[in-house]
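Chain and residue survey
Letter by letter, the chains look like this.
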Protein chains: 2
Amino acid sequence: MEIRGEMLIGRASVYGQSGTLRAIDPASGEKLEPAFGCGGASEVERACRLAREAATAFRASSGETRARLLEAIAAGLQAQGGALQERAARETGLSPARLIMERGRAAGQLRQFALAARQGLDAGPRLEPGQPGRLPPKPDLRARHIAIGPVAVFGASNFPLAFSVAGGDTAAALAAGCPVVVKAHPAHPGVSELTGRIIQQAVAECGLPEGVFSLLIGDGNDIGLKLAAHPAIEAVAFTGSRAGGLALLRAAAQRPKPIPVFAEMGSINPVLLLPHALADRAEDIAAGWVDAVALNAGQFCTRPSLLLALKGESLTRLQRSAALKAASKPAETMLTPGMHSNYHQALQRLRSLPGVAELATGLPSPGPHAAQLTLFETDGATFLAAPELAEEVFGPCGLIVACRDLAELFEIVASLDGQLTATLQLDEADLPLARELLPLLEARAGRILANSFPNWVEVSPAMVHGGPFPACTDSRSTSVGIGAMTRFLRPVCYQNMPAPLLPPALQDA
Amino acid sequence: MEIRGEMLIGRASVYGQSGTLRAIDPASGEKLEPAFGCGGASEVERACRLAREAATAFRASSGETRARLLEAIAAGLQAQGGALQERAARETGLSPARLIMERGRAAGQLRQFALAARQGLDAGPRLEPGQPGRLPPKPDLRARHIAIGPVAVFGASNFPLAFSVAGGDTAAALAAGCPVVVKAHPAHPGVSELTGRIIQQAVAECGLPEGVFSLLIGDGNDIGLKLAAHPAIEAVAFTGSRAGGLALLRAAAQRPKPIPVFAEMGSINPVLLLPHALADRAEDIAAGWVDAVALNAGQFCTRPSLLLALKGESLTRLQRSAALKAASKPAETMLTPGMHSNYHQALQRLRSLPGVAELATGLPSPGPHAAQLTLFETDGATFLAAPELAEEVFGPCGLIVACRDLAELFEIVASLDGQLTATLQLDEADLPLARELLPLLEARAGRILANSFPNWVEVSPAMVHGGPFPACTDSRSTSVGIGAMTRFLRPVCYQNMPAPLLPPALQDA
């Protein structure tokens, strides 16, 4: 497969005429070939029209058909693994080892959704026989879930395989029977095109309507807002910045026909060190935390950037250990020059805040866009007084907050916005305190961990990757794991329907 | 219990200082005593602050506690039945028989939600044991659902008991563990206050925090928008007009922290008469349809106001029967003078449309706000050219569209917006045609009926009362039946959590 700088609109490959964009190798700053042709209103219109035309047939397709489609995409990801990895590495600066892991994750989640599609869209069909003798007579009622319709997917910059063109949102939407129109992330258009071609080919091989998948390319917000505004689009799935997610949410509410927006927008993922765990394991926790902050240049939405503990000797030991560990952490290349520059601006802002001190830095940058690990420390009163300290900084940056007492710790937790995760480091003697903190964490986070770090997001039915705003625009769902399908399904009830018209899952056993 | 014109804010009764409003008896036009004191910003603030303070404890309450609360409310509705009915009848013009039925429905649905709360918020807990030996190790993951937080409820005008202060939305939110702040419908403040006192008393009897329930009173949109904008409110449930629902949806998206809005906004509920059924049963269908259009002055969101059929001799017979049946239908008092006036304006607009003819009217009005049943007829081309014919007219009004051929029937169905319901009248020989129409209906309606009429909405787990916009702002849920609880629940995942910290439902068996 060749990268030609083209969009994929149904079965067609289209070189866009609305300007060009090029990927940049963040390790060198070099612009990569080829130039991609950007799409405009006419390509949005064509992709969405095809998606609408495909929607009815795809909704009616069997779970088996959708499972085969997802498996064909997974197989394609593995067959084209070398080319995907090579291009992804150049476009994102992520390491080959990380990208091999991520490709496995992407293929694995497609296979999980295939299994779910095969099992059917409902945990159990709801069949309620009528009671003609009741007053008023109770009708025969049967309900199932069906696809909501075409979904617009905006992939993440930081997972070019597992949360991008063939990532979790696309897999969930296809499993549910929804056509997908992806807007490629402009930082990795090459790997987007390669992945898109794998999906395009799988759609054709499975004999599905071409509109089941399209891939649009464009720079800036315009094409994305046009896509989200198109009347054929019934839902939006997005992973990225808060500004981007909010812009889509508000645009969707202003449509003549509003639609749901599932935007996962990041988090600071607080870690609470309870006193006994801190006293017993300060050094171990420090090491685990520094690893979790630094991993892949800190470019995880689940990076645990905020560490909360009581001030004192144990916390001092932890800080010393963390500083020591940090000092040997190599700088890693960030995904884009823009992110690198944003990261440096954020560090400058943090350094200028009164009451915030730099605790440690990692090794200095070896390349133009490598980010140096930077750890800060402050006290609880400063944290409470400076709301910007509770905002996400994308990159390898961590903040330790030394709380005066438990009351201040509780006050800080209660002040936090919605989070993807919250973590407790606790020993058995900390259980009573943990029990008091838990309700505050439940109200604020989608996932609560004990004695681990949250970066790894297991793809499984019990996973919740989401949480109250601003972690996500819809706390009632997850973007990881087969639970994500429910975002793209709606219930339909059949009343007194003759058996020959009922879908197979709703027939009498 | 006495009606004092007061709001209920937690355990307090408060006479508002921001103007007054009075209910009007629509049968006579007479203003009813007492004058209600309207609330403003300070009452919104107090109710919402109390709700926020109650949220954590109520979220953590046992299903048994919430079940008892719901049952106490149901018992209160029955104990105070006489007073409720009497006041409701005066404020709404609805008949005693209808209100007795509705009170039973309200109590019954509270008891269904009580049962659901007792059974727990999850169909089955999700427990995934860890696999420490896997690479990377699989963590222990357990997920459950918890309450989203305080919910603002805006009740419907047309169901003063079953979809108002103690209606489906309130029952669903309380069952889920969410405090509720109700904005009383200004057309029935008296029955709202009486019902609110029943809930207030039940909250106290169950030893729950007072903020679990408050009732605000106000005229106009201001107090409602203030309520929906309050930072403590985590979701909005609304039943009413499209303009009202859209205003709330858009206000919610503009909040610093956007929240979901579940607005059920009505529908024209198309009925499709397939040719064999029409030929065989024209007279029966006509009778059933006229009854369904006229019931309770047509004031059902599920009133089947649009009838689609092929033109021809059978349809002529149906029209003749419908006209005959309509002629003897008495006029019934509408809920408010404003609705009555809107209904008459809508009839004037319909009468002035070229190509639309008046087929029949019922008996003329006996009172100042009684609405005369009015049936119109038109052809498919006129319907397709005049989008206002596809808009809901609230009142006893129906439209028969004679389609030229099947192609035009399909075109009309495809042109329809989202609907709460769609109905097929069919005989066995119509099955092939029904099979072709079904996918179009599934894409457009929350509930699809065969050989019945949709007014009655059974309260049951398989019911779907919702549908694509504008029937509802969120097609992925229902506002009737215990499925409505899922609107107010969000998932939380516990990772590697020590057993003593896990909620009981997530403990090892």
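Residues numbered from 1 in each chain as written. Chains lettered and ligands numbered in written order. Predicted model: local features only at pLDDT ≥ 70, side-chain atom pairs only at ≥ 80, totals over all residues. Heavy atoms only, no water.

If you look chain A up in an unreviewed UniProt entry, it shows as Aldehyde dehydrogenase (NADP(+)) from Chromobacterium sinusclupearum.

This part covers the domain arrangement of chain A. Residues and elements named next belong to chain A. By the assigned domains, chain A splits into domain 1 (7–119 + 145–265 + 472–506) and domain 2 (271–450). On a C-alpha basis, the centres of domain 1 and domain 2 stand 33 Å from each other. Tallying the contact residues gives 17 residues for domain 1 and 16 residues for domain 2. Buried surface at the junction of domain 1 and domain 2, summed over both partners, amounts to about 1200 Å²; 59% is from carbon and sulfur atoms. Here domain 1 and domain 2 share zero salt bridges between them. Here domain 1 and domain 2 share three residue pairs in polar contact (both at pLDDT 80 or more) between them. Class assignment for the residues of the side of domain 1 that touches domain 2 results in seven nonpolar, six polar and four charged. (Domains from an automatic or database assignment. Contact = heavy atoms within 4.5 Å. Buried area = accessible area lost by both parts, 1.4 Å probe. Salt bridge = Lys/Arg side-chain N within 4 Å of Asp/Glu carboxyl O. Polar contact = N/O pair within 3.5 Å; in protein donor to acceptor, adjacent residues only side chain to side chain. Nonpolar A, V, L, I, M, F, W, Y, C, P; charged D, E, K, R; others polar.)

Next up on the list: the sheet that holds strand β9 (residues 213–216) of chain B. Residues and elements named next belong to chain B. Strand order in this open sheet of seven strands is β2-β1-β9-β8-β7-β10-β11, and the pairing throughout is mixed. Either end of the sheet is taken by a strand with one partner, and the two such strands are β2 (12–14) and β11 (261–264). Strand-to-strand twist of the sheet, defined as the mean angle between neighbouring strand axes without regard to direction, takes the value 20°. Note: strand β7 (residues 151–154) against strand β10 (residues 235–239), four bridges, orientation parallel. (Pairing = 2+ DSSP bridges. Helix = DSSP H or I, 4+ residues; strand = E, 2+ residues; numbered from the N terminus. Axes fitted to C-alpha atoms, helices over the stretch in contact; angles between N-to-C directions.)

This structure, assessed with the given rule, holds eight aromatic pairs over all chains. The interplanar angle of 85° and the centroid separation of 5.9 Å between the aromatic rings of F262 of chain A and F488 of chain A together place this pair among those described as edge-to-face. Placement of F262 of chain A in strand β11 (residues 261–264) and of F488 of chain A in the loop between β20 (445–450) and β21 (489–495) is noted, with a sequence separation of 226 residues between them. Accessibility classification places F262 of chain A together with F488 of chain A in one group, the buried group. If you follow R98 of chain A out to its NZ or CZ, it ends over the ring of F159 of chain A, 4.3 Å from the centre. The aromatic ring of W456 of chain B is capped on one face by R105 of chain B, whose charged end is 5.3 Å from the ring centroid. (Phe/Tyr/Trp six-rings, centres within 6.5 Å; stacked < 30°, edge-to-face > 60°. Buried < 20%, exposed > 50% of the residue type's maximum accessible area, 1.4 Å probe, protein only. Lys NZ or Arg CZ within 6 Å of the ring centre and 35° of its normal.)

All names here are of chain B. Mapping R98 onto the fold places it in helix α4 (residues 96–119). Overall, R98 belongs to the buried group, its relative accessible area being 5%. Here R98 is in contact with N158, F159, P160, N296 and F300, once residues within four sequence places are set aside.

The next subject is the interface of chain A and chain B. Every contact between the two is made by 67 residues of chain A and, on the other side, 67 residues of chain B. Across the chain A/chain B interface, buried area totals approximately 5700 Å², and carbon plus sulfur atoms make up 59% of it. Applying the counting criterion to the chain A and chain B interface returns six salt bridges. Here R476 of chain B ties to D474 of chain A by a salt bridge, and the two come within 3.6 Å at their closest N and O atoms. Elements represented by at least two residues in the side of chain A that touches chain B include exactly α1 (41–60), β5 (126–128), β6 (141–147), α8 (242–254), α14 (431–442), β20 and β21 of chain A. With seven residues, β21 of chain A is the single largest residue contributor to the side of chain A that touches chain B. Of the residues that constitute the side of chain A that touches chain B, the class distribution is 39 nonpolar, 10 polar and 18 charged.

Okay, the relation of the copies chain A and chain B next. In this structure, two copies of a chain are linked by a rotation about an axis accompanied by a shift along it. For these two chains of identical sequence, chain A goes onto chain B by a turn of 180° and a shift of 0.0 Å along the axis, with RMSD 0.0 Å. Expressed as an axis order, the relation between the two copies is that of a two-fold axis. Closest approach to the rotation axis among the C-alpha atoms of chain A is made by A253 of chain A, whose C-alpha sits 3.3 Å away. Same-surface contact between copies: 100% of interface residues of chain A are shared with the interface of chain B. (Least-squares fit on C-alpha atoms with pLDDT ≥ 70 in both.)

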